[in-house]
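Letter by letter, the chains look like this.
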Amino acid sequence: METYALLWASTMNAGTVLALASLGLLINEKAGIVNLGAEGMMLCAAIAGFATVATTGSDTLGFLAGMGAGALMAALFGVLVIWMNTNQYATGLALSLFGGGFSAFVGVGFVQAKLPERVQFEVPLLADIPLIGSALFKHHPLVYGAIALALGLIYFLYRTRAGLVLRAVGESPESAHALGYPVRRIRLLAVVVGGALCGLAGAYISIIYTPLWVEGMIAGKGWIALALTTFATWRPARVLLGAYLFGGVTMLQFHLQATGVDVPSQFLSMLPYLATIVVLALISRNPRWLRVNMPASIGKPFFPGS
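The rules behind the values
Note that residues are indexed from 1 along each chain, following the sequence as it is written. The predicted nature of this model means local features are confined to residues of pLDDT at least 70 and side-chain atom pairs, given and counted, to a pLDDT of 80 or more, with totals for whole chains, interfaces and linings taken over all residues. Hydrogens are left out, water is left out, and the side-chain values use all remaining heavy atoms of the structure. Numbering of helices and strands starts at the N terminus; helices are DSSP runs of H or I of at least 4 residues and strands are runs of E of at least 2. The classification of residues rests on relative accessible area computed with a 1.4 Å probe and restricted to protein chains. Under 20% of the type maximum is buried, over 50% is exposed, and intermediate values are partly exposed. Contacts were defined at the residue level, with two residues in contact if any of their heavy atoms lie within 4.5 Å. What a helix should span is 1.5 Å times the count of its residues minus one. It is the directions from the helix axis to the C-beta atoms whose arc is reported. The pocket and cavity definitions rest on a 1 Å grid over protein atoms only: a 1.4 Å probe that fits but cannot leave marks a cavity, an open set with protein on both sides within 12 Å along at least five of seven lines marks a pocket, and residues lining either have an atom within 4 Å of a point. Grid points are joined across faces, edges and corners, and a volume is the space filled by probe spheres set on the points. Residue polarity follows a fixed list, in which Ala, Val, Leu, Ile, Met, Phe, Trp, Tyr, Cys and Pro are nonpolar, Asp, Glu, Lys and Arg are charged, and the others, Gly among them, are polar. Two N or O atoms count as a polar contact when they lie within 3.5 Å, although within protein this holds only if one can serve as hydrogen donor and the other as acceptor, and sequence-adjacent residues are included solely when both atoms are side-chain atoms.

Structurally, threonine 91 is set in helix α4 (residues 88–106). When its relative accessible area of 12% is taken as the criterion, threonine 91 is described as buried. With residues up to four places along the chain from it excluded, the contact list for threonine 91 reads Phe77, Leu80, Val81 and Thr86.

If you want it as C-alpha cells, here you go:
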C-alpha cells in the first residue's frame, strides 16, 4: 500500500507540470491562437527560475523569473502572429527551437550549481493520516495551486463576462470586432498569460520537480502539454485529469524499474510519448467530435475590417 501511495504522490507532482502548461495553452487556444513554442518557453523559464534561485536563494523570485521569461517569449510570439500575421505554426516551432538553443547557451554556467536546501511542505494534521497523508497532503503549494487554477479557469470561462468575450474572440473574431471588442489586444493578453503559466511550469521543473539544471531537461513535456489540450477537448477539468493520467504514466516507468520488472528501460522511457500518440490517434477517429469542441477560429489569422 505504501508503494501505491508513493506512486500517487509522484503522479500528482508530475501531473502539476503538465497541468500548469496545458492550462496556459488552453487559454491561448480559447482565444484562437496555437502556440507550438511551449517547449522552448518552458526551457527558458526553467533556466531563468533555476538561475534566480541559485543566485538569490528565493523560490518566490525563481517562480516569478520563470513566469516572466515565459510571458516575454509569449509576447514576442504574440506580436509576430497577431500584429504581423506570421504563420502561427511556423512561428511557434521557431520559438521552440530558439528556446532550446538559448537556454542551453545561458545555462552552461549553472550545470553544476546546487540550490539551497528544500523546505518540506505538508498540510497540518492531514499529512499525518496513514497512506492518504503521504499521497495527498505532503506536496508543494503549487500542486494544490494547479487544481485551484483549473477550477478558477472553469468559473472564468463559463461564468464571467470576460470569459465569454475570450471564447467569442476564439469562436468568431469578426463578430467580436463588430461589437467593439479589441480582438488583437485580447488575443495578446491571452497569449502572455498562457506563456506565464508555461513559464511557471518550466520553473517548477527546475526548482521543485528535479532541482537542477541540465540542457533539454523539459524532455518533451511541452509537446505533451500541447497534445493534452486536444485530448481534453479544450475543457479545464479534463485537462487536469489528463495531466494526472500522463503524469502517472511517466512515473510508472520509474516504479516498474524500482520493483525489478524485467522490461527494457528504453521501452519504459518511451511510455509517456507512446501514450500521447495512442490517445491522439483514438481521438482523431472522430473528427466531428473535435470540430464541435474546438474553437472555430483556432490557428487562423484575424484581419480587422475584412
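Taking 1.5 Å as the rise per residue, helix α6 (residues 141–159) with 19 residues should run 27 Å; its terminal C-alpha atoms sit 26 Å apart, in good agreement. Along α6, the positions that sit buried rather than exposed are Leu142, Val143, Ala146, Ala150, Leu153 and Leu157. The buried residues of α6 occupy one face: seen down the axis, they fall within an arc of 110°. Facing away from the buried side of α6, by more than 90 degrees, are the exposed residues Leu151, Tyr155 and Arg159.

Within the structure shown, the criterion is met by one cavity of 30 Å³ or more. Space inside the largest cavity adds up to approximately 50 Å³. Forming the boundary of the largest cavity are Ile33, Val81, Ile82, Asn85, Gln88, Arg184, Arg187, Pro301 and Phe302. When residues of the lining of the largest cavity are traced back to their parent elements, those giving at least two are α3 (59–83) and α9 (183–209). Among the residues making up the lining of the largest cavity, the classes are represented as five nonpolar, two polar and two charged.

Further remarks concern the environment of threonine 56. As for its position among the elements, threonine 56 is in helix α2 (residues 38–56). Within the structure, the side chain of threonine 56 is placed 2.7 Å from the backbone oxygen of threonine 52, a separation counted as a polar contact.

Honestly, that's just the spatial picture; any functional story needs more than this.
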